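Commentary on secondary and tertiary structure
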Amino acid sequence: MTTPNPFYSRLTRLEPGRVLLHSALAGLLVGLGGVLFTKALEFTTSIFANLGAVSPELPSRGGVLFAFEGPLKLAPLVLFPLLFLVLALTRQLNPRRGALEGFIEGHHAEVLPLERTRGSLGRLLGGTLTLGAGVPLGRDGPLAGLGSWLGGVSARVGRLEPGEARLVRLAGVAAGLGLALHAPLAAAVFAVEVLYRRFEFELEALLPAVLSSIFAYGVYGTFLGFGGLFALELPVALPLLALPLCLLLGVLCAALGSLFSSALEGIRKGWTALESRSKGTRLQVWAAPLVGLLLAGLIIVVPQTQGEGLGWLQLGAGGLLGPTELWGLGLFRLLALLLLAGIGIPGGVLLPTLVLGGTLGAVLGSLQNLWLPDLGLGMGAWTVLGACTLLSALCKTPLSSVLLGLAWGGESLLPGLLLSCTSAYALSSEAGLFSAQVDGRANSGAHLERPLLKSAQDVAPEVSEPPDSGQPNSSELPEALPANELLYRVAAPVHLLGQAPLDALFAPYATLVALSRESGVWLPGPELRLEPEDVLVLVATPEGYAALSERLSPPISPEAPPSSSAHKDPAQAVSTTEN
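Conventions and cut-offs
Residues numbered from 1 in each chain as written. Predicted model: local features only at pLDDT ≥ 70, side-chain atom pairs only at ≥ 80, totals over all residues. Heavy atoms only, no water. Helix = DSSP H or I, 4+ residues; strand = E, 2+ residues; numbered from the N terminus. Buried < 20%, exposed > 50% of the residue type's maximum accessible area, 1.4 Å probe, protein only. Areas by Shrake-Rupley, 256 points an atom, 1.4 Å probe, with all protein chains shown as cover. Core = buried A, V, L, I, M, F, W, Y, C linked by side-chain atoms within 4.5 Å. Contact = heavy atoms within 4.5 Å. Phe/Tyr/Trp six-rings, centres within 6.5 Å; stacked < 30°, edge-to-face > 60°. Expected span 1.5 Å × (residues − 1). Axes fitted to C-alpha atoms, helices over the stretch in contact; angles between N-to-C directions. Parallel < 35°, antiparallel > 145°, perpendicular 65-115°, else oblique. Left-handed = near helix turned anticlockwise from the far one by under 90°. Nonpolar A, V, L, I, M, F, W, Y, C, P; charged D, E, K, R; others polar. pLDDT = per-residue confidence, 0-100. Patch = residues over 30% accessible without salt bridge, like charges linked within 9 Å, V, L, I, M, F, W, Y side chains within 5 Å. Salt bridge = Lys/Arg side-chain N within 4 Å of Asp/Glu carboxyl O. Polar contact = N/O pair within 3.5 Å; in protein donor to acceptor, adjacent residues only side chain to side chain.

Description of the overall build of the chain
Per the secondary structure count, the chain includes 20 helices and four strands. The proportion of buried residues among the 579 residues of the chain is 54%. Within the structure as shown, the chain displays about 24,600 Å² of accessible surface, and the carbon and sulfur contribution to it stands at 64%.

Have a look at this one:
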């Protein structure tokens, strides 16, 4: 097994410092990668802009808030079916393997899946093409996928343990989302909160996520500028009379989130069943162009459906869209998002969700302006409240949704955000935008290979020195062990360093319970390999331990002299193992 250089070996003695170091490195890489991706997306968008209508873009991203019409207005009828056909042929359509969905699923796996460079770059390229063509998805998907891949690269550079690699990869995802949202702190909390349906967090990952997200946004902002996504007129203080309307917004978002989740799950199941019933003909390859044709027709009829939608949302927040236009924007983008997320088109679903919620908030704000014109709460405030409230309902992330609202709308919206986001989270159904979420940490396979305790004695107490009779002291053994089995702590055999799986090395003579090293106590797993100075905790009968000692060469207990009676009496072998 490859070992680090001496300087790095000294550095890795501080496990938290090692994780933070590589989280910062991942943030730097994601920041640079985000700049390149943004430039590539701008170039791709400029090419496709000559083929049809162009959606308004945010001024914060160098865009303009009005749409052009190109000379070939019907070009999407050819472009979208062809693009979806290419995605189907290259197997880029997977409704349960989007960037965030795949990240959540991989984080909860017992063995952290390896991010393949070819697959990661393929998904990034696919996302660049779909977004550049005007498919109504978000750049949060490609940026989160970029963060996951570069976080894995940083972990491999540092030869991190599997549990540490999970934290660094999560930090990379937080960095990518921070670039998409222009809110690094809210994105860091979102990354550690979105893993679970219930109000639980991956707390040990919070500091690495914050550090990585800040580093990434610092690099990104240096090249492309800082600042929020939207330019909004916000109230100095939230009127008390607006609080009941905030509660109503939470109820509406909870209902919309529940209906959306049920419909999305139905489309996903239908698309997956289509592939299973194709019997080798790959019906998805033929169905994907039809979906592209349907989307193209929808965009031609309703131009607001095209693109990421943030520009249209800015127009609504500025009061430039009437109630009818807002209703159309929300309804048709809802149908488009269900269709695209249901079949797994590469692209993000987080920003489109925010657009839907912001549109719902803007609709409620327009009604408030008609019925309560003196309330003093403008369209910008309602847009932020709606976006964050629906995010809380669909992603089960009330805390990060509130923080995102503060980043976009300021502290004056805090009372309304707390009321709407928490009520939407509490009233929403178990289903959400991401089916890979689990209820809590106890349901996640990620914690099966984490260090459980800092001392090996807390997991596997040493067998004490045998009394004069030569028999082990049974009062020191856990009651759970059978009467004929003992716990042995032995140094890792030199000739087995780097090998895996560890369970098979000692079977059938002994069972490996745990492995103790400087970073903590680890449960045996497929990814775990022996390193120098590791201490193995074995459960075996005296006869099994004796047979194992004779079978392995050199013996498990290197301190025992060859001529001693350690291999003749298993109980004596216990006393010669190192403490």
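Brief notes about the nonpolar core
Formed by 119 residues in total, the largest nonpolar core has its most connected members in Phe84, Val135, Phe260, Ile345 and Leu404. Sequence-distant contacts of Ile345, that is, excluding residues within four places in its chain, are made with Phe84, Leu87, Leu93, Thr130, Val135, Leu137 and Leu340. Formed by 18 residues, the second largest nonpolar core is a distinct cluster that contains Ala510, Leu528, Leu536 and Leu548.

What about the packing of aromatic side chains?
Counted according to the given criterion, the structure contains five aromatic pairs. The interplanar angle of 5° and the centroid separation of 6.3 Å between the aromatic rings of Phe80 and Phe84 together place this pair among those described as stacked. Taken as a pair, Phe80 and Phe84 lie in helix H3 (residues 76–89) at a separation of four residues, close to a single helical turn. When the centroid spacing of 6.4 Å and the interplanar angle of 55° are considered together, the rings of Phe199 and Tyr425 count as tilted. One end of the pair, Phe199, is in the loop between helix H8 (184–193) and helix H9 (206–224); the other, Tyr425, is in helix H17 (residues 414–427), with 226 residues separating them in the sequence. One aromatic cluster in this structure is built from Phe199, Phe201 and Tyr425.

Examining helix H13 (residues 323–343)
Across its 21 residues, H13 extends 31 Å between first and last C-alpha, which sits within 8% of the 30 Å expected from 1.5 Å per residue. Where H13 terminates, the next one or two residues include Gly344, which has phi positive at roughly 85°.

Re the packing of helix H10 (residues 243–276) against helix H14 (residues 350–371)
Where H10 meets H14, the closest approach of the two axes is 11 Å, and the angle between their N-to-C directions is 140°. Classified by the angle between their axes, H10 and H14 sit oblique to one another. Crossing hand, H10 versus H14: right-handed. Here Leu245, Leu248, Leu249, Leu252, Cys253, Leu256 and Phe260 of H10 lie close against H14, whose contacting residues are Leu356, Leu360, Gly361, Leu364 and Gln368. Its residues assigned to classes, the contact of H10 with H14 shows ten nonpolar, two polar and no charged.

Observations regarding the environment of Ala205
Among the structural elements, Ala205 can be located in the loop between H8 and H9. By relative accessible area, Ala205 is classed as buried at 0%. In contact with Ala205, other than residues within four places in its own chain, are Leu167, Leu170 and Val192.

Quick look at the confidence of the model for the chain
Of all residues in the chain, 80% attain a pLDDT of 70 or more, and the chain-wide mean is 81. The least confident element of the chain, judged by mean pLDDT, is helix H20 (residues 570–576) at 37; the most confident is H8 at 97. Scored below 50 in pLDDT, residues 555–579 makes 45 contacts in the model with residues more than four places away or belonging to other chains.

Considering a nonpolar patch on the surface
Where nonpolar side chains cluster on the molecular surface, the patch consists of Leu25, Leu28, Val157 and Phe215 and spans about 310 Å² of accessible area. One can find Leu25 in helix H2 (residues 15–48). For Leu25, a relative accessible area of 33% puts it in the partly exposed group.

Thoughts on the side chain of Thr397
With respect to the element layout, Thr397 can be found in the loop between helix H15 (379–395) and helix H16 (398–409). Thr397 sits in the buried class, given a relative accessible area of 0%. Apart from the residues lying within four places of it in its own chain, the contact partners of Thr397 are Phe190, Glu193, Val194, Leu391 and Ser392.

Remarks on the pattern of salt bridges
Side chains carrying opposite charge are able to pair once their charged atoms draw close together. The full count for this structure, using the stated rule, is eight salt bridges. The partner of Arg18 in a salt bridge is Glu164, with the nearest N and O atoms 2.6 Å apart. Pair noted here: Arg18 is in helix H2 and Glu164 is in helix H7 (residues 162–181), with a separation of 146 residues, a long-range link. For Arg18, a relative accessible area of 9% gives the class buried. Here Glu308 and Arg139 are joined by a salt bridge, their closest N and O atoms 3.6 Å apart. Here Glu308 is found in the loop between helix H11 (283–301) and helix H12 (310–317), whereas its partner Arg139 is found in the loop between helix H5 (117–132) and helix H6 (140–157), with 169 residues between them in sequence. For Glu308, a relative accessible area of 12% gives the class buried. Here Arg139 falls in the buried class, since its relative accessible area comes to 8%. One salt-bridge network, held together by shared partners, links Arg197, Arg198 and Asp439.

Brief notes about the packing of H13 against H14
Viewed as axis vectors pointing N to C, H13 and H14 meet at an angle of 155°, and their least axial separation amounts to 9 Å. The angle between H13 and H14 falls in the class roughly antiparallel. In this structure, H13 crosses over H14, and the sense of that crossing is left-handed. The segment H13 lies against H14, with Pro323, Leu326, Trp327, Leu329, Gly330, Arg333, Leu334 and Leu337 engaging Pro352, Thr353, Val355, Leu356, Thr359, Ala362, Val363 and Ser366. Class assignment of the residues belonging to the contact of H13 with H14 gives a composition of eleven nonpolar, four polar and one charged.

Examining H16
Every α-helix carries 3.6 residues per turn, so stepping three or four residues along brings you back to the same face. Look at H16: 16 Å from first C-alpha to last across twelve residues, which is about the 16 Å you get at 1.5 Å a residue. Among the residues of H16, Pro398, Ser400, Ser401, Val402, Leu404, Gly405, Trp408 and Gly409 are the ones counted as buried. In the core, the buried residues of H16 are packed alongside H7, H8, H14, H15 and H17. Just beyond H16, the residue with positive phi is Gly410, at close to 90°.

Some thoughts on the environment of Ser435
When you line up the elements, Ser435 lands in the loop between H17 and strand S1 (486–491). In this structure the C-alpha to C-alpha distance between Ser435 and Arg197, which are 238 residues apart in sequence, comes to 9.7 Å. Within the structure, Ser435 has its side chain in polar contact with the side chain of Glu101 (distance 2.9 Å).

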